[in-house]
Every structure is written in structure tokens, then in C-alpha cells.
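An overview of the molecular structure
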Amino acid sequence: FFGCSPERLFQVVSSSPSSNGEYSSDKTTRVVSEALAGTRPRGSTPQADQELSRQLFASAKDQSENKITGRFITEAFDELIERGVGTMKGRYYVRRLRHLQHICQQFQFQLSSSAVVKDVIRHLLTALHPTPAVGGYPKDPALDFIRQHESIAFDRGYYAGPVGFVGREEAEIVVAIRSGLI
């Protein structure tokens, strides 16, 4: 299996280092997720790159795709906020890769001290998969449509599934889009 997905479903990072390298009780845990939707190629010059970036942000279609994906992520985190598990902030920027550039909304969620990390990870795996790019939005009606209309003979296999690792207080999950099985 190999992949080159730039799309991070979410990452959970816990930190509480003390001066001697041991963990202290002042642990902080944050979750990062990204809405990566809207794509243009990279330009052959800095000016061409900037023009393609401007076109990307001027495109109603690309803006709409990114907003839908951002709304999808926000809804998953809103449920945690309602439970008092943490707070969230976000930002927009252009993610530039070697050959492509994407509109990216990055969301950072700070877990409260009462949060149980494994419960947050379980919630996010369920709430954020599949992404709107793979399964559609709103999620439940879109998945019902796929189940009714997609041939049973068509096996999606690993396509766009969540791939990554989950530890006691850390996790990193990416979307296996743009990947293959060898």
C-alpha cells in the first residue's frame, strides 16, 4: 500500500514535558483537522503561482467545496464543544505542494482537562469518515444514496479510507485518497 494524500483527517497531540523530560500534570492536548478542498496546479514562476492561487480563491466552485468540507469538520467539533470537551479556532491558507495548491482551512481544537482522549479519537473517526469529497454531504443522506445506487460488484477497497495510528494520547489519521495497493 502506498499513498500521497495531503489530506489529514485529524491529528491528536498531547504534551506535558517538564524540564527533566518527564511528564507533568500540566498536560495539554490539541486536535488539528483540515478542510482541503479546491485545487489548482502550481505555476512555473512565482507570478504564475500567485495568479493560480488568486483564481483558486476567486472560484465559487472551489470556495463552495472548501466551505462544505469546513462545515462538515465544524459540525464534528461542535458536538465536542457542546459536551464541554474543548474550544476551537480556525484559519484559511493555501497549501502548496510540489505540483498542486489547495485551499486549506485548518482547525485547532484545544481539549479541556476533563476530556478523555480515546473518546475524542473514537468520536472523530466516526464523525469525520467518510469526508464530503468521498461520501458526499450531508453525510447520512449521501451515504444512503451511494448504498442504493452503487453496484455491489464495485469494491472501493482501501480507497479513501482512514489510515494512520492511534496511541494512548496521540493519533494521526489521514484520508487514503490518491493511494494504491501493490
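For the structure itself, consult the block above.
Let me begin by describing the structure that accompanies this report. Along each chain, the written sequence defines residue order, and numbers are assigned to residues from 1. Only residues with pLDDT of 70 or above have their local features reported here, since the model is predicted, and side-chain atom pairs are shown and tallied only from 80 upward, although totals for entire chains, interfaces and linings are computed over all residues. Side-chain descriptors were evaluated using all non-hydrogen atoms of the structure, hydrogens and water having been removed beforehand.

A few points about the environment of Leu 80
- Elements are defined by DSSP. Helices are runs of H or I of four residues or more, strands are runs of E of two residues or more, and each kind is numbered from the N terminus. With respect to the secondary-structure elements, Leu 80 resides in helix H2 (residues 60-82).
- Along the backbone, Leu 80 and His 123 are 43 residues apart, and their C-alpha atoms lie at a distance of 8.6 Å.
- Residues within four places of Leu 80 in sequence aside, it is in contact with Val 85, Gly 86, Phe 109, Val 120, His 123 and Leu 124. Contact criterion: two residues are considered in contact whenever any of their non-hydrogen atoms come within 4.5 Å of each other.

Things to note about the pairing of strand E7 (residues 171-175)
- Exposure is judged per residue with a 1.4 Å probe applied to protein chains only, and the accessible area is read against the type maximum: over 50% gives exposed, under 20% gives buried, and values in between give partly exposed. Judged by which residues are buried, E7 turns out to be one-sided: Ala 171, Ile 173 and Val 175 face inward and are buried, whereas Glu 172 and Val 174, on the alternate face, are not.
- At least two bridges found by DSSP between two strands are what make those strands a pair. As defined by bridge partners, strand E6 (residues 162-166) adjoins E7 across five bridges and the pair is classed as antiparallel. Each residue of the ladder has a partner; that of Gly 164, found in E7, is Ile 173.
- The antiparallel pairing of E6 with E7 creates a hairpin that spans four residues between the two strands.

Quick notes on unusual backbone geometry
- Of note, the amide linkage connecting His 129 to Pro 130 takes the cis form, showing an omega dihedral of -5 degrees.
- A cis amide bond links Tyr 137 to the next residue, Pro 138, at an omega of -5 degrees.
- Its place among the elements puts Pro 138 in the loop between helix H4 (132-135) and helix H5 (139-149).

Notes on the side chain of Ser 53
- Within the element layout of this structure, Ser 53 appears in helix H1 (residues 46-58).
- Residue contacts for Ser 53: discarding those within four places in its chain leaves Val 94, Arg 96 and Gln 101.

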